[in-house]
Amino acid sequence: PVFVQAYVQRENINNLIRQAGAAGPIDLLSIDIDGNDYWIWEALEAVDPRVVIIETHVEFGLRSIVVPYDKDYCYPGKHPDYHGASPVAMAKLAARKGYRLVGANQYGFNTIYVKNGVGDLAVPAVSVESVLAHSRNQERQKLFEPIKDWKYITV
């Protein structure tokens, strides 16, 4: 593998990946950068993963929202819970890119998508509600209250 140290932005993600020698089909892509995950995946064209694992923000619950893109974002930003995208918004992006939601980690914030046409019968789609089913998420969603009126993009 080639390691590249860089500040990842949607403006440079494809060049960074190509400079590291990757392009085209890959088996697995994991995105967990505490903030612009949605925007990075949306911009990604250099590779074509079969499976994507990506962090979402369960605190946003079933709202279809994304925090606006900020190329200079660095966690925790203006508020530790004001970043990222809801699981619903991420599932919609995945569908536009040709993927289906197939699961998540126990708490539902690391969602897993498989490219349509790959293992369709063996790995069926699941609902966003099912990945948010853990009782912990009811408490986590209360953290949205102080930032509910901040600026979001509805997708």
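Reading the values: the criteria
Residues numbered from 1 in each chain as written. Predicted model: local features only at pLDDT ≥ 70, side-chain atom pairs only at ≥ 80, totals over all residues. Heavy atoms only, no water. Phe/Tyr/Trp six-rings, centres within 6.5 Å; stacked < 30°, edge-to-face > 60°. Helix = DSSP H or I, 4+ residues; strand = E, 2+ residues; numbered from the N terminus. Buried < 20%, exposed > 50% of the residue type's maximum accessible area, 1.4 Å probe, protein only. Lys NZ or Arg CZ within 6 Å of the ring centre and 35° of its normal.

An account of the packing of aromatic side chains is requested, with residue identities and associated values reported.
Tallying each qualifying case throughout the model produces nine aromatic pairs. Summarising the aromatic geometry, the rings of W41 and Y113 are spaced 5.6 Å apart at their centres and angled 45 degrees between planes, so their arrangement reads as tilted. One end of the pair, W41, is in helix α2 (residues 37-43); the other, Y113, is in strand β5 (residues 110-115), with 72 residues separating them in the sequence. Plain terms: the ring middles of F144 and Y152 are 5.6 Å apart, the flat faces sit at 45 degrees to each other, and that makes the pair tilted. Assessed through its relative accessible area of 15%, Y152 is described here as buried. In this structure an aromatic cluster arises from ring pairing among F60, Y82, F144, W150 and Y152. Between R10 and the ring centre of Y69, over which it is positioned, the NZ or CZ distance is 4.0 Å. Here the guanidinium or amino end of R136 rests over the ring plane of Y107, the centre of that ring lying 4.4 Å away.

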